[in-house]
There are 2 protein chains.
Amino acid sequence: MVDVETARGLRKTLHDRGMRMTPQRQLVLDAVRSLEHATPEQICQRVQETAPTVNITTIYRTLDLLDRLGLVRHTHLGHGAPSYSVEDHRHVHLVCHVCGSIQEIPCELLDPLVGTLRERDGFELDASHLALSGTCRDCLKQEQEIE
Amino acid sequence: MVDVETARGLRKTLHDRGMRMTPQRQLVLDAVRSLEHATPEQICQRVQETAPTVNITTIYRTLDLLDRLGLVRHTHLGHGAPSYSVEDHRHVHLVCHVCGSIQEIPCELLDPLVGTLRERDGFELDASHLALSGTCRDCLKQEQEIE
DNA sequence: ATACATGCAAATGCTTTGCTGGGCT
DNA sequence: AGCCCAGCAAAGCATTTGCATGTAT
């Protein structure tokens, strides 16, 4: 599934900065789009289904590039590798630091905070792939039982 | 600087779970307390000033333990190693995903969100060591200049 | 005696770097 | 020509695991 709009946008953005659109970059972006929350490793596998010779180094370099351009975002959910998604897949994760469980909530809940930070600090919070750490309902219950 | 209160509390908590209080654990907790935002590596160095034979493996295992007990928290600021602090050192980080810069803001700004999540999801958000990702003022300006 | 803790070395996982050659502009 | 880009191999850093030893209950 190739998103023509994004592809054009990317091509232009790259060109404006003296960079080039390449098949590899297209494939990485497509992979991130279709996978949602994929690690670099998983993205590499997907890309290699189409172009088996693409190296994981290229995946890393491209993800880094796309991230800086704002086309994809990465989030550190649990411990291991970060998780990449396209910018318009919007939601917030609640990560429990006790059991590691993850639940998603709508990112509209952060709208007030986004406004506050924009005014206060000139900081444009990216609420689309946030990982919020805390204690989930179940672990809270367990803690109380031990006390 | 040994915090006697925390030390006693830790001893009891550990004992309740069939674990033991050891010099190593005490030293790690003290190091995290005094350093604020230290990587496991830095914590290890501090601990080794007192007890040179303590292995970094023990640092990792102890940090993991203290984290699960809620006595310390770790945050993934930029890319590298996570940063550990004691639970009561409260503030929120704004991490710019473009340039990597980090600024701190008071965590009271998150109080409304904490309340929302508590009611909505039974999730106890730990606002004390949050890393919020977005674009900082300077990088926003640069983006606009390119367009 | 048993279960928990630590040290050490090796393994693992994830990511970056240096270098080379190929392709655009 | 000069710059951008991808592939490959190697290095790098952070963290985990296995195992033997030590220590408290």
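Residues numbered from 1 in each chain as written. Chains lettered and ligands numbered in written order. Predicted model: local features only at pLDDT ≥ 70, side-chain atom pairs only at ≥ 80, totals over all residues. Heavy atoms only, no water.

**So, the pairing of strand 6 (residues 131-135) of chain B**
- Of the strand pairs in this sheet, strand 5 (residues 124-125) of chain A and strand 6 of chain B are connected by two bridges, and their pairing is antiparallel. Among the inter-strand pairings, A:E124 is bridged to a residue of strand 6 of chain B, identified as B:T135.
- Where strand 3 (residues 92-96) of chain B meets strand 6 of chain B, four bridges bridge the pair, whose relative direction is parallel. Bridge pairing links B:H93 to B:A131 in strand 6 of chain B. (Pairing = 2+ DSSP bridges. Helix = DSSP H or I, 4+ residues; strand = E, 2+ residues; numbered from the N terminus.)

**Remarks on the nonpolar core**
- Counting 32 residues, the largest nonpolar core has A:L113, A:L125, A:L132, B:L113, B:L117, B:L125 and B:L132 as its most contacted members.
- Among all residues touching A:L113, those that are not within four sequence positions of it are A:L125, B:L109, B:L110, B:L113 and B:L132.
- B:V32, B:V47, B:L66 and B:V86 belong to the second largest nonpolar core, which has 22 residues in total. (Core = buried A, V, L, I, M, F, W, Y, C linked by side-chain atoms within 4.5 Å. Buried < 20%, exposed > 50% of the residue type's maximum accessible area, 1.4 Å probe, protein only. Contact = heavy atoms within 4.5 Å.)

**Here's the deal with the sheet that holds strand 3 (residues 92-96) of chain A**
- With respect to topology, four strands assemble into an open sheet ordered 4(A)-3(A)-6(A)-5(B), the strand pairing being mixed. Each edge of the sheet is formed by a strand with only one pairing partner; in this case those strands are strand 4 (102-105) of chain A together with strand 5 (124-125) of chain B.

**Section: the interface of chain A and chain B**
- The interface of chain A with chain B comprises 38 residues on the first partner and 38 residues on the second.
- Where chain A abuts chain B, roughly 3300 Å² becomes buried across the two surfaces, and 62% of that area is made up of carbon and sulfur atoms.
- Along the contact surface separating chain A from chain B lie zero salt bridges.
- Mapped by element, the contributors of at least two residues to the side of chain A that touches chain B are helix 4 (56-69), strand 1 (72-75), strand 3, strand 4, helix 5 (111-121), strand 5, strand 6 (131-135) and helix 6 (137-146) of chain A.
- A total of five residues in the side of chain A that touches chain B trace back to one element, the largest contributor, which is helix 5 of chain A.
- Within the side of chain A that touches chain B, the residues separate by chemical class into 17 nonpolar, eleven polar and ten charged. (Buried area = accessible area lost by both parts, 1.4 Å probe. Salt bridge = Lys/Arg side-chain N within 4 Å of Asp/Glu carboxyl O. Nonpolar A, V, L, I, M, F, W, Y, C, P; charged D, E, K, R; others polar.)

**A short note on helix 3 (residues 40-50) of chain A**
Residues and elements named next belong to chain A.
- Among the residues of helix 3, those classed as buried are P40, I43, C44 and V47. On an axial view of helix 3, the arc spanned by its buried residues comes to 100°, and they lie on one face.
- Tucked inside the fold, the buried residues of helix 3 contact helix 2 (23-35), helix 4 and strand 2 (83-86). (Arc of directions from axis to C-beta.)

**Quick notes on the domain arrangement of chain A**
All names here are of chain A.
- Here chain A is partitioned into domain 1 (4-86) and domain 2 (91-146).
- Once you take the C-alpha centre of each, domain 1 and domain 2 turn out to be 25 Å apart.
- In this assembly, seven residues from domain 1 lie in contact with ten residues from domain 2.
- Between domain 1 and domain 2, the buried area comes to about 630 Å², and carbon and sulfur atoms account for 65% of it.
- Seen at the junction of domain 1 and domain 2, the total is one salt bridge.
- Notably, a salt bridge pairs D126 with R73, separated by 3.2 Å at the nearest N-O pair.
- On the surface where domain 1 and domain 2 come into contact, there are one residue pair in polar contact (both at pLDDT 80 or more).
- Of the residues belonging to the side of domain 1 that touches domain 2, the class tally is two nonpolar, four polar and one charged. (Domains from an automatic or database assignment. Polar contact = N/O pair within 3.5 Å; in protein donor to acceptor, adjacent residues only side chain to side chain.)

**So, the relation of the copies chain A and chain B**
- After a rotation of 180° and a shift along the axis of 0.1 Å, chain A superposes on chain B with an RMSD of 0.2 Å. The transformation just described matches what one would write down for a two-fold rotation axis.
- The fraction of interface residues of chain A whose copies in chain B are also interface residues reaches 100%, indicating that both copies meet through the same surface. (Least-squares fit on C-alpha atoms with pLDDT ≥ 70 in both.)

**Some details on the sheet that holds strand 4 (residues 102-105) of chain B**
- Across the sheet, four strands lie side by side as 5(A)-6(B)-3(B)-4(B); this open sheet has mixed pairing. Where the open sheet ends on each side, the last strands, each with one partner, are strand 5 of chain A together with strand 4 of chain B.

**Observations regarding the pattern of salt bridges**
All names here are of chain B.
- Counted according to the given criterion, the structure contains 14 salt bridges over all chains.
- A salt bridge links R46 to E49; the shortest N-O distance between them is 3.9 Å. Of this pair, R46 and E49 are both found in helix 3 (residues 40-50), three residues apart, which corresponds to roughly one turn of the helix.
- Accessibility expressed as a relative area gives 33% for R46, which makes it partly exposed.

**What to know about the UniProt feature "binding site: Zn(2+)" (unreviewed entry) in chain A**
All names here are of chain A.
- Look at the UniProt record and you will see "binding site: Zn(2+)" (unreviewed entry) annotated at C96, C99, C136 and C139. A maximum C-alpha distance of 8.3 Å places the annotated residues, which cover 44 residues in sequence, within one compact spot.
- Here C99 lies in the loop between strand 3 and strand 4.
- C99 sits in the partly exposed class, given a relative accessible area of 46%.
- Ignoring sequence-local partners within four residues, the contact set of C99 consists of C136 and C139.
- For C136, the position within the fold is in the loop between strand 6 and helix 6.
- Judged by relative accessible area, which is 6%, C136 ranks as buried. (UniProt positions renumbered as here; feature names shortened; annotations may be inferred.)

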